[in-house]
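Fold and geometry: a report
The lines below spell out each chain.
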Amino acid sequence: MKKATTFFRVFLLPAFCLLAAAAVGGAFSISQLPPFPLESNTDLFALGEVFDGGASQTESFSVTVASEAPLVVFGNTRCTGSQLDPFLVRTVLPKGTLALPVSNEDPTRSLDVTLGGTGITARSLSFVSGDVRKETTLTWDFGARSYGTFPAFLAISSDTVSPDTDAARLPFVMTLLRRPDLFEVGFAVGNVEPSRFRTYTFGPADQTIPLRVLAAPNDRLWVRLRNWGINTVNVEGSELVRNRYLFGEASADIPHIFPGFGALLRSFRFVGMTVSPDLHLTGVGGYRLDVTYDISLDVVPYTPLFTPLAMGSATLQAISTDIPQGLDEVVLLTNIGPVTFEEVHPLYVPSVRNVFKAFQFSISVDQTIPPGKYPGLPFLVSWEFSSADLLTVWDAATIADFEASMETVQDQTTAIFEKIHLFKHFEEGAVNLVNLAGNSWRNFFEAGYDPTTGRFTVTFRLLLVDSPDEAVVALDDGGIGYLIIYDGAYDGLLLDPLCLALSSGGLPPPVPTGSGDGEGGGCSLGFIPAGWVLLLIPLGTLTYRRKSIRRN
C-alpha cells in the first residue's frame, strides 16, 4: 500500500503505527491473488510481503510476545505489525467476540496485554512471572452501524516498555461487512481529486443512478466505489478510467477490490458537457456477479466570474450559469463594483445563540438593470472552521469526541450538520436554513473534515438578490439547491450577514437516496455557511416547491 492521502496519514497512520515504514520502503507488486472471500462470520485478512503471494487469510490467530513486542501468528507465519499492510479482522456481525490466545516467550518477566479501539471493549490481560500462555477475548459492538472500518490495537506494556511506543503496539482494523453484498458509490465533481463525496448504497442488481451536477468545462466526474460485501469484485466503467485502488483513502497495490477495499474512477473532462458513464461490477474467483450501475448524468455548466472573494476561512466564487427555474424577476450580473468582505464578532448577530463564526459582505452593482427586474449574483461558497473556533461554544472534551467521530462515521455531512447549522441573520431575527430546507436539505449543503489540518468545511450555493423584499428562499432546481437571499433594500448593494452556530434541533429526514423520488424544491429563511461546494446532487423531477418568508 502506498502512503498517499490525508486519510491514511491521519486516520490509519495512528491506527497502524509501523505500517508507514513499510510504505516508505516501497509497495510490493501483486500480479495475481486469490479472491479471499469471507466464508464464515469472522476471519482475518492481511496484505504483506511476508506472505507467499503477498496476502493471507485465516479464521483464527494468536499473538506471541517476543522481546516485549507483539507478533501475529498466521498459521506458520509470524509477523510484526509493520509487515502487515493492512491487517483486517473482517466480520458480518455488528456485535461479536473472537478468542485470542497470547503467549509469552519469556515467562520470567511480567507484562500486560491490552485491547482497545473504536467499538472495542477495552480489556487487559496480565502475565506474572511463570505465565506462558493465556487467552483473552476480542469483543466488539458497533451499535447501529451496518458496515464500515474501525481502528483497533493490541498493546504490550511492562516495567521497561510503554504501550504507547510503536514497537509495543499491534494495530489492526475491524471491518464490518454485509451479507448479501453491499456497494457504496460516492460521487463528486471537480478538476482535481476531491476529498468529499455524495454517497449512496446499492445492492448487487442493475440500477440506473440519476444525477444532476453543476460543473465547469474542465471538471470531471469522480466515482468512488467501496466494497462492503463479503466477496471480491472487479470494476470497470464506460467513459470512466480507474484512478487507483483504495483501502480507506490510501492507495492499495492490489489486483481486485477485496471486501473492505475500494476503487476511485474518474471521467474525462466535461468539455462539451456530454458524458454518459456507467459502472460495471463483475465477480472474481467463481463469484457470479455481473451488475451495471448506469449513471444518468445531467450536467448544468457554469463559468467562474471575477477573482474569488476570500476572507480568512470563507471563500465566495461568483459564477455565470443558467438562472434557476422560477426566478424570472432576477437578472444575473456580469459586472460588479467595489466589494467589502469581513469576518465579524458573534455579538453582531445577536439573534442567533452559540455563534462561533460570522461574516458579512457588501457587493456594489455595476450594471444597468431593466425596469421591474432585480440584480442577482450566484456564488459557490466555502467556509472552514477549526477545533479552536469551537472552543467558544464547546469544552475541549466535547470537541475531541466530535473530531474523533469523523474517523468512523459513514456520512460526515450528516454527522456535522447534526451538531452545527447555518443561519441568515436579520435585524428582526434569524432563520435556521438547514431546517427550513426541509427533507431535501442534502441538495443544498455538503460538509467534511480534513484530519490533516483539523479543519471542517461547509459548502453550499448562494444567490444574492438586490431587492426591496427581505427574504430567504431555499429553491431546489431539479436537485441543485440554491439558497436565495433577498437583501431587503433595492439600493445597488448586495449586502448580507451570515453565521455558523451549534444546531438548535435535529435534522429533517433526507429524501431516500438512490430512489429517484427526491422532491424538486423547497425554501427556507436562515443563515448559510460557506463551503467548497460539492456541486453534485441526485436528480429529482424538474418541478420545484418554493416556500418563502418575506418582509415588505
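Notes on the structure follow. All figures in this text were calculated on a predicted structure; none of them were measured in a lab. (Residues numbered from 1 in each chain as written. Predicted model: local features only at pLDDT ≥ 70, side-chain atom pairs only at ≥ 80, totals over all residues. Heavy atoms only, no water.)

Moving on, we come to the overall build of the protein. The helix and strand inventory of the protein stands at 6 helices and 37 strands. Going through the 552 residues of the protein one by one, you find that 56% of them count as buried. Taking contacts inside the protein between residues at least 6 apart in sequence as the whole, the part at least 24 apart equals 72%. (Helix = DSSP H or I, 4+ residues; strand = E, 2+ residues; numbered from the N terminus. Buried < 20%, exposed > 50% of the residue type's maximum accessible area, 1.4 Å probe, protein only. Contact = heavy atoms within 4.5 Å.)

Further remarks concern the pairing of strand E11 (residues 148–157). Of all the 10 residues making up E11, 9 are buried; the element is thus mostly covered by neighbouring parts of the structure. Bridge count for strand E8 (residues 111–117) against E11 is 6 bridges, and the pairing is antiparallel. Within E11, the position partnered with Gly 117 by the bridge is Ala 152. The pairing of E11 with strand E12 (residues 169–176) spans 8 bridges and is classified as antiparallel. Counted as the bridge partner of Leu 154 is Leu 170 from E12. (Pairing = 2+ DSSP bridges.)

Of all hydrophobic cores here, the largest spans 53 residues; its most connected members are Phe 359, Phe 361, Phe 379, Leu 390, Phe 445 and Leu 462. Beyond its immediate sequence surroundings of up to four residues, Phe 361 is in contact with Leu 316, Thr 340, Phe 341, Leu 462, Leu 464, Leu 494, Leu 495, Asp 496 and Leu 498. By size, the runner-up hydrophobic cluster in this structure holds 42 residues, among which are Leu 33, Leu 47, Phe 187 and Val 291. (Core = buried A, V, L, I, M, F, W, Y, C linked by side-chain atoms within 4.5 Å.)

Next up on the list: the pairing of strand E4 (residues 69–74). With respect to burial, E4 is a largely interior element, 5 of its 6 residues being buried. Where strand E3 (residues 62–66) lies against E4, 5 bridges are found, and the strand directions are antiparallel. In the sheet register, Thr 64 faces E4, and the bridge partner there is Leu 71. Sheet topology note: the E4/strand E5 (residues 77–79) ladder contains 3 bridges and is antiparallel. Of the residues in E5, the one forming a bridge with Phe 74 is Thr 77. Turn length for the E4-E5 hairpin, with the two strands adjacent in sequence and antiparallel, is 2 residues, and the turn residue Gly 75 shows positive phi of about 60 degrees.

Across all of its chains, the model carries 27 aromatic pairs by this definition. On the basis of an interplanar angle of 50 degrees and a centroid distance of 6.0 Å, the ring pair of Phe 87 and Phe 172 is categorised as tilted. One end of the pair, Phe 87, is in strand E6 (residues 87–91); the other, Phe 172, is in strand E12, and 85 residues separate them in sequence. The pair formed by Phe 87 and Phe 172 is uniform in burial state, with each residue classed as buried. Ring pairing ties together the aromatic residues Phe 356, Phe 385, Trp 394, Phe 402, Tyr 449 and Phe 456, which thus form one cluster. Positioned above the aromatic ring of Phe 127 is the side chain of Lys 134, whose terminal nitrogen or guanidinium carbon lies 5.8 Å from the ring centre. Over the face of the ring belonging to Phe 153 we find Arg 169, whose NZ or CZ atom lies 4.1 Å from the ring centre. (Phe/Tyr/Trp six-rings, centres within 6.5 Å; stacked < 30°, edge-to-face > 60°. Lys NZ or Arg CZ within 6 Å of the ring centre and 35° of its normal.)

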